[in-house]
Amino acid sequence: MDWITTVDHKKIGILYLMSGFLFFLFGGIEAILIRVQLAVPENDFLSGEIYNQIVTMHGTTMIFLAVMPAIFGLMNAIVPLQIGARDVAFPFMNAVSFWMFFFGGVLLNCSWFLGGAPAAGWTAYAPLSDIYEGLGMDFYVLGLQIAGAGTLMGGINFLVTIVNMRAPGLTWMRLPMFTWSIFITSVLILFAFPALTIGLFLLFFDRLFGGNFFDPSAGGNPIIWEHIFWIFGHPEVYILILPAFGILSDVISQHSRKRIFGYTSMVLALVLIGFLAFMVWAHHMFTVGLGPVANSVFAIMTMAIAIPTGVKIFNWLFTLWGGQIRFTTANLFALGFIPTFVMGGTTGVMLAVVTADFQFHDSYFVVAHFHYVIVGGLVFGLFAGIYHWWPKIFGRFLNETIGKWNFWLFFIGFHLTFFPQHFLGLMGMPRRNFTYPAELGWGDMNFISSIGAAFMGVATILFTWNIVVTSIKGEKAKGDAWYGDGRTLEWSISSPAPEYNFAQTPLVKEFDAFWAEKRNGNDRVTPAEPLGEIHMPNNSIIPIIMSFGAFIAGFGFIFSAENKSSLFVAAFGLAIMFGSMLVHSLYDDHGHHLIPDELKQKESKRKGAEA
Amino acid sequence: MKLISRFGRFAPLVLAFLLILSGCNTNSSALNPVGKNAKMQADLMLLSLGIMLLVILAVMVIFFYVIIRFRKRKDDDSIPEQVEGNTKLEIIWTVIPIILIIIIAIPTVYQVFVLADDRPSASEIDKENAIRIKVTAHQYWWQFEYPDLGIQTATDLYVPTGKKVYVELTSKDVIHSFWVPTLFGKQDANPGLVNRMWFEVPKEGVYLGQCAELCGASHALMDFSVVALSPDKFEAWKKEMKKGADEPKTAEAKQGRKIFKQQCLRCHAIGKNGGNVGPNLAAYGERTMISGILEYNKKNLKNWILNAPKYKADILMPSFSDGSGAKLTEQQADALAEYLMQQKTGIELPQQ
């Protein structure tokens, strides 16, 4: 019961991580099915229609329902601790964000059992998505709309949190890199997600109420969808990768016992990448026929992103330089990230070469490229972050031996899967093809690729095993879990953090506050206030009810194309949603207070447990 | 020694890389460019690849040096110096990428404009050395019209060698993408809009093309061929094509023509007469493949006629064996196939 009513950012973080991982398994099974189908030429394991559904759901699930919530999980669990806050700015809204995402994801996946999943690709290009595909596309539109609303609220929440709730003395240029990356990511969410929302609304009107935005036979223009989608979609990939950059900076710095090299340029690079993210969407559309001027401008803007990204890579290398590098699983994933991401980044520059892109575009070269940045970059980063912060979140370590198996299998499997795909693309294999003829010689490399996918599958099973084993009898973690090398505020409190995070708000005097205090011989960060009453928000059942209302409304709208009376179901769902909003607005919940005596008891109990 | 052995690990990778590159010489490979556009594109691909390999090499060298040299030793528990940064170094690794990118960007922009030569109308092109073609994509086949010649083909696009081919590209239904890797890169076929591009084929041959934008259940089966003929042969082909349907030569083919007139004309034309919902079947006897996917022989053609949706899901052509369309017997389908296979221009086709 506590889990469905919680407004505690740490618990919501865990909910995000768990449901993200669940969807990651779904997306992973879809990936395995794809690789089984493509393992040999002219395979008839899956039909074209089913294959398109699986490809579409693999992309959509991985992006929106697996890696996004994993990022949200880590940012919920860690950012408030890194900035010395007791919670996020809007704890209630935080819970709404989670449940909206969760029900949106469930709604999307319900399509499998109700007439087939969407099959127009995760990019849902009109008019295929608009007038040619069936009910599955309605699930896509409404599932993403609901999940996207949650994401947008979450982004706003973290913007406000990071702007307003930093501990005294924690100035912008003392902010840990992970928090910086989440701040920039939240800005990107704020500006990018409304574009998706609007695009989905237009598609929604086209499909359900006979609008003609994207239908060329009725005067609409399908290219508009491509623009809207990529105006969202390109920043989206930076929404994904920037947190990985942040995780990497923190992990590499802590596990090599070095201060991050070139902090100022690292922050500037983040800001610059975030800005450029909005200037390059048309590089997904070089073959659409936008004309030479537009293509040239977008090519140059795209290449420019390589500059701040290169700065980050070299700064990481020089953070490691002269340090004492420990090969923990977290750091292995972080180190595996660097060469892998550089390969993904360099193929990115190659893709920006417009005329060469005419050859690369929509071929397996692109598939290889974006898996190098999203899996080799983001997923490696997420694994690094999860192994790194696991003891802080759960109070227990993940097993390092299994962890190292997990890393090596995943790393080798990853390169085995995606490295050959570069060549498949150059050899002319288009993406999203459910079959290919034997004569073209694509069989061998596809087979290697499928073997690699099996490796990654085993690695994921090991990771699951690791979670299960260590949750039963894992090694308990101290507050400063990793060899006492913690640098940022989250390591200065016990693991897992108490519900109120900091009994006394810390006073930050310089960058890497906890590390600096330890160097000055203190075992804790100087508090900024005496021990006093702490105001805590109350749990609430309303967020889950509100989101469930949206879920029901989604179903109502989806089936309204077939049966108008299901609009009543939609109205009922909306009534639940707005009704619970009304209840929340009218009923004042002042929360509760923890009094100093209680706090003292709890704190000394924790100290005792740790010693 | 340890360092060398670490690098040694990459030797097989480099070898594999070279092997794979040499194995890329198939008829559909962008690394085996034949056409002028594909050659230009391959040049830029190699230039950017070369520069990027340098970048990767530089990062790898520093990376492996760092993780070997600075790994934590058991007995060493000292605190490393907490370096804040180094302005000189940071300027170096900002400026060098800028230079590299300028080196890539200049030829890129130049080539974008060269390839964007899109003369729109008949009056603007040099008819001696150029030809206009209108390409219309359908779920899941390609229609080719020659507006200045008054002829039409489908699935096989005939072009003269050495001449500039100007293409007007559009789509009848969803977005498709027009791609022949050995001749030219992709250009999207958008419904309701027209895209223009050009290409040139220097030597005779049959070049494989395919749709490169997800367009539905049979997207992977939307293949076509570009058949390049010498200008003389092309002239002869053109004349033959203008003549229209050939007379059937056998009794079976005569029966086939009768069935064709009753059943097929609504959607298919041979030459000028007939519907244009489905592919134009002029000179069907010289198709390189059946619907771009099946080997060209009578048995396959018969099966295709009887049961097209079995081979390409979600196409407009109904099945003629299960009664969803008019029903044809095996014998009737054989006759139809015979009739279609007799439609020939008699031009000698280049080898695949």
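Rules used throughout
- Residues numbered from 1 in each chain as written.
- Chains lettered and ligands numbered in written order.
- Predicted model: local features only at pLDDT ≥ 70, side-chain atom pairs only at ≥ 80, totals over all residues.
- Heavy atoms only, no water.
- Helix = DSSP H or I, 4+ residues; strand = E, 2+ residues; numbered from the N terminus.
- Rg over C-alpha atoms; globule rule 2.2 N^0.38 Å.
- Buried < 20%, exposed > 50% of the residue type's maximum accessible area, 1.4 Å probe, protein only.
- Contact = heavy atoms within 4.5 Å.
- Areas by Shrake-Rupley, 256 points an atom, 1.4 Å probe, with all protein chains shown as cover.
- Lys, Arg positive; Asp, Glu negative; His and termini not counted.
- Charge placed at Lys NZ, Arg CZ, Asp CG, Glu CD.
- Buried area = accessible area lost by both parts, 1.4 Å probe.
- Salt bridge = Lys/Arg side-chain N within 4 Å of Asp/Glu carboxyl O.
- Polar contact = N/O pair within 3.5 Å; in protein donor to acceptor, adjacent residues only side chain to side chain.
- Pairing = 2+ DSSP bridges.
- Axes fitted to C-alpha atoms, helices over the stretch in contact; angles between N-to-C directions.
- Phe/Tyr/Trp six-rings, centres within 6.5 Å; stacked < 30°, edge-to-face > 60°.
- Core = buried A, V, L, I, M, F, W, Y, C linked by side-chain atoms within 4.5 Å.
- Disulfide = S-S within 2.5 Å.
- Parallel < 35°, antiparallel > 145°, perpendicular 65-115°, else oblique.
- pLDDT = per-residue confidence, 0-100.
- Left-handed = near helix turned anticlockwise from the far one by under 90°.
- Nonpolar A, V, L, I, M, F, W, Y, C, P; charged D, E, K, R; others polar.
- Patch = residues over 30% accessible without salt bridge, like charges linked within 9 Å, V, L, I, M, F, W, Y side chains within 5 Å.

**Structural notes on the overall build of chain B**
Then step 1. Scanning chain B from terminus to terminus reveals eight helices and 14 strands.
Then step 2. A compact globule built from 352 residues would reach a C-alpha radius of gyration of about 20 Å, whereas chain B, at 27 Å, exceeds it by more than 25%.
Then step 3. Along the first, second and third principal axes, the C-alpha set of chain B runs to 95 × 50 × 35 Å.
Then step 4. Out of the 352 residues in chain B, the part that is buried amounts to 52%.
Then step 5. Taking as baseline every contact in chain B between residues at least 6 positions apart, the subset at least 24 positions apart corresponds to 65%.
Then step 6. Total accessible area computed for chain B in this model is approximately 16,300 Å², and 58% of it derives from carbon and sulfur atoms.
Then step 7. Distance between charge centroids for chain B: 3 Å, based on 41 positive and 36 negative side chains.

**Some thoughts on the environment of A:Ile184**
Residues and elements named next belong to chain A.
Then step 1. Along the chain, Ile184 turns up in helix α7 (residues 177–209).
Then step 2. Residue classification places Ile184 among the buried residues on the basis of a relative accessible area of 8%.
Then step 3. Once you skip the residues sitting within four places of it in the chain, Ile184 turns out to touch Leu242, Leu270, Val271 and Gly274.

**Quick look at the interface of chain B and chain A**
Then step 1. Contacts between the two partners involve 84 residues from chain B and, on the opposite side, 87 residues from chain A.
Then step 2. Taken over both partners, the interface formed by chain B and chain A buries close to 7,400 Å², and the fraction arising from carbon and sulfur atoms is 71%.
Then step 3. At the boundary of chain B with chain A, the tally comes to two salt bridges.
Then step 4. Here A:Arg259 ties to B:Glu84 by a salt bridge, and the two come within 4.0 Å at their closest N and O atoms.
Then step 5. The interface formed by chain B and chain A includes 26 residue pairs in polar contact (both at pLDDT 80 or more).
Then step 6. Breaking the side of chain B that touches chain A down by element, the ones donating at least two residues are α2 (10–22), α3 (36–69), α4 (87–115), β7 (184–189) and β9 (205–211) of chain B.

**Here's the deal with unusual backbone geometry**
Apart from glycine, the bulk of residues carry a negative phi angle, and the bulk of peptide bonds sit in the trans form.
Residues and elements named next belong to chain A.
Then step 1. Here the amide bond leading from Ala126 into Pro127 is cis, since omega sits at 0 degrees, within 30 degrees of zero.
Then step 2. Omega for the bond connecting Ser495 with Pro496 falls within 30 degrees of zero, at -10 degrees, which places this linkage in the cis form.
Then step 3. Mapped onto the elements of the fold, Pro496 is located in the loop between α15 (443–473) and α16 (513–519).
Then step 4. Backbone geometry at Asn501 places phi at a positive 60 degrees, although glycine is not the residue there.

**Things to note about the sheet that holds strand β2 (residues 141–146) of chain B**
Residue and element names in this part refer to chain B.
Then step 1. Ordered by their spatial adjacency, five strands build an open sheet running β3-β2-β1-β5-β8, and the pairing between neighbours is mixed. Of all strands in the sheet, those with a lone pairing partner are β3 (151–154) and β8 (195–200), marking the two edges. Here the strands of the sheet are splayed against their neighbours by 25 degrees on average, with no regard to which way each runs.
Then step 2. In terms of strand pairing, strand β5 (residues 164–171) meets β8 through six bridges, oriented antiparallel. Paired with Val165 across the strands is Phe199, a residue of β8.
Then step 3. In the packing of helix α5 (residues 231–242) onto the sheet, contacts are made with β1 (130–138), β2 and β3, and the angle to β3 comes to roughly 100 degrees.

**A short note on the packing of aromatic side chains**
All names here are of chain A.
Then step 1. Inspection of every chain in the model, using the stated rule, returns 90 aromatic pairs over all chains.
Then step 2. Aromatic pair Phe21 and Phe463: ring centres 5.4 Å apart, planes at 70 degrees, arrangement edge-to-face. A residue pair is termed long-range when its members are at least 10 positions apart, and Phe21 in helix α2 (residues 9–38) and Phe463 in helix α15 qualify at 442 residues.
Then step 3. Phe463 gets classed as buried once you look at its relative accessible area, which sits at 3%.
Then step 4. With a centroid separation of 6.3 Å and 80 degrees between ring planes, the pair formed by Phe245 and Phe337 is classed as edge-to-face. Of this pair, Phe245 sits in helix α8 (residues 222–255) while Phe337 sits in helix α11 (residues 329–352), placing them 92 residues apart in sequence.

**Looking at the nonpolar core**
Then step 1. In terms of nonpolar packing, the biggest core is built from 257 residues, with A:Trp316, A:Phe337, A:Ile338, B:Tyr146, B:Phe178 and B:Phe199 touching the most fellow members.
Then step 2. What B:Phe199 contacts, discounting residues up to four positions off in sequence, is B:Asn37, B:Leu157, B:Val159, B:Lys163, B:Lys164, B:Val165, B:Val167, B:Leu183 and B:Phe184.

**Quick look at the state of the cysteines**
Residues and elements named next belong to chain B.
Then step 1. All chains considered together, the criterion is met by zero disulfides over all chains.
Then step 2. The structure places no disulfide on Cys267, whose sulfur is separated from the nearest cysteine sulfur, that of Cys264, by 8.5 Å.
Then step 3. Its relative accessible area of 35% is what places Cys267 among the partly exposed residues.

**Points about the packing of α3(B) against α4(B)**
Angle between the axes and distance between the axes are the two parameters that describe a pair of packed helices.
Residues and elements named next belong to chain B.
Then step 1. One can describe the packing of α3 onto α4 by two numbers: an axis separation of 11 Å at closest approach and a directional angle of 170 degrees. Viewed along their axes, α3 and α4 adopt a mutual orientation that is roughly antiparallel. For the pair α3 and α4, the contacting residues are Asn37, Met40, Gln41, Leu44, Leu47, Ser48, Ile51, Met52 and Val55 in the first and Leu100, Ile103, Ile104, Pro107, Thr108, Gln111, Val114 and Leu115 in the second.

**A look at the pairing of β1(B)**
All names here are of chain B.
Then step 1. By the criterion of burial, β1 is predominantly enclosed, with eight of the nine residues buried.
Then step 2. Where β1 meets β5, eight bridges bridge the pair, whose relative direction is parallel. Residue pairing in the sheet places Ala137 in a bridge with Ser171 of β5.
Then step 3. Bridge count between β1 and β2: five bridges; the pairing is antiparallel. Looking across to β2, one finds that Val135 is bridged to Phe144.
Then step 4. Taking the residues that link successive antiparallel strands as the turn, the β1-β2 hairpin has two residues.

**Quick look at the confidence of the model for chain B**
Any residue range with low pLDDT should be treated as having predicted coordinates unsuitable for detailed reading.
Residue and element names in this part refer to chain B.
Then step 1. In the predicted model, chain B carries a mean pLDDT of 88, and the fraction of residues at 70 or more is 91%.
Then step 2. Mean pLDDT values for the elements of chain B range from 43 in helix α1 (residues 2–8) up to 97 in strand β6 (residues 176–180).
Then step 3. In this model, residues 1–10 is a region of pLDDT below 50 whose contacts with residues beyond four sequence positions or in other chains number six contacts.
Then step 4. Interface confidence for the predicted complex, given as ipTM, is 0.92, next to a pTM of 0.94.

**Quick word on the packing of helix α3 (residues 48–82) of chain A against α7(A)**
Residues and elements named next belong to chain A.
Then step 1. Direction vectors running N to C along α3 and α7 enclose 135 degrees, while the axes themselves pass 11 Å from each other. By the angle between their axes, α3 is oblique relative to α7. As α3 runs across α7, the sense of the crossing is left-handed. Here Phe64, Met68, Ile71, Phe72, Leu74, Met75, Ile78, Val79 and Gln82 of α3 lie close against α7, whose contacting residues are Phe178, Thr179, Ile182, Ser186, Ile189, Phe193 and Leu196.
Then step 2. Counted by class, the contact of α3 with α7 contains 13 nonpolar, three polar and no charged residues.

**Some words on the side chain of A:Asn295**
Then step 1. Turning to its location among the elements, A:Asn295 is positioned in helix α10 (residues 292–320).
Then step 2. Classification of A:Asn295 by relative accessible area gives buried; the value is 5%.
Then step 3. Setting aside residues up to four positions removed in sequence, A:Asn295 forms contacts with A:Phe286, A:Leu290, A:Val354, A:Phe358 and B:Val112.

**Quick look at the sheet that holds β7(B)**
Residues and elements named next belong to chain B.
Then step 1. The mixed open sheet is built from five strands, whose spatial order is β4-β10-β9-β6-β7. In the strand order of this sheet, the two ends are held by β4 (156–160) and β7, each with one partner. Recorded for the sheet is a direction-independent mean angle of 25 degrees between the axes of neighbouring strands.
Then step 2. Summarising the sheet, β6 and β7 pair through four bridges and their orientation is antiparallel. Directly across from His176, in β7, lies its bridge partner Ala189.
Then step 3. Contacts from α5 reach β4 and β10 (223–229) within the one sheet, and its direction differs from that of β4 by about 125 degrees.

**Description of a nonpolar patch on the surface**
Then step 1. Together, A:Met1, A:Trp3, A:Ile4, A:Ile541 and A:Ile545 line one region of the surface with nonpolar side chains, adding up to about 460 Å² of accessible area.
Then step 2. Counting through the fold element by element, A:Trp3 comes out in helix α1 (residues 2–5).

**Examining the pairing of β2(B)**
Then step 1. The buried fraction of β2(B) is high, at five of six residues.
Then step 2. The antiparallel pairing of β2(B) with β3(B) creates a hairpin that spans four residues between the two strands, and B:Gly150 there sits at a positive phi of about 70 degrees.

**Overview of the pattern of salt bridges**
When their charged atoms lie close together, side chains carrying opposite charge are able to pair.
All names here are of chain A.
Then step 1. Tallied over the full model, the rule gives 25 salt bridges over all chains.
Then step 2. Salt-bridge contacts for Arg86 lead to Glu529; the nearest nitrogen and oxygen are separated by 2.9 Å. You can see Arg86 sitting in the loop between α3 and α4 (91–110) and its partner Glu529 sitting in the loop between α16 and β1 (534–536), a full 443 residues away along the chain.
Then step 3. Using a relative accessible area of 19% as the deciding quantity, one classes Arg86 as buried.
Then step 4. On the basis of relative accessible area, Glu529 is assigned to the partly exposed category, the value being 28%.

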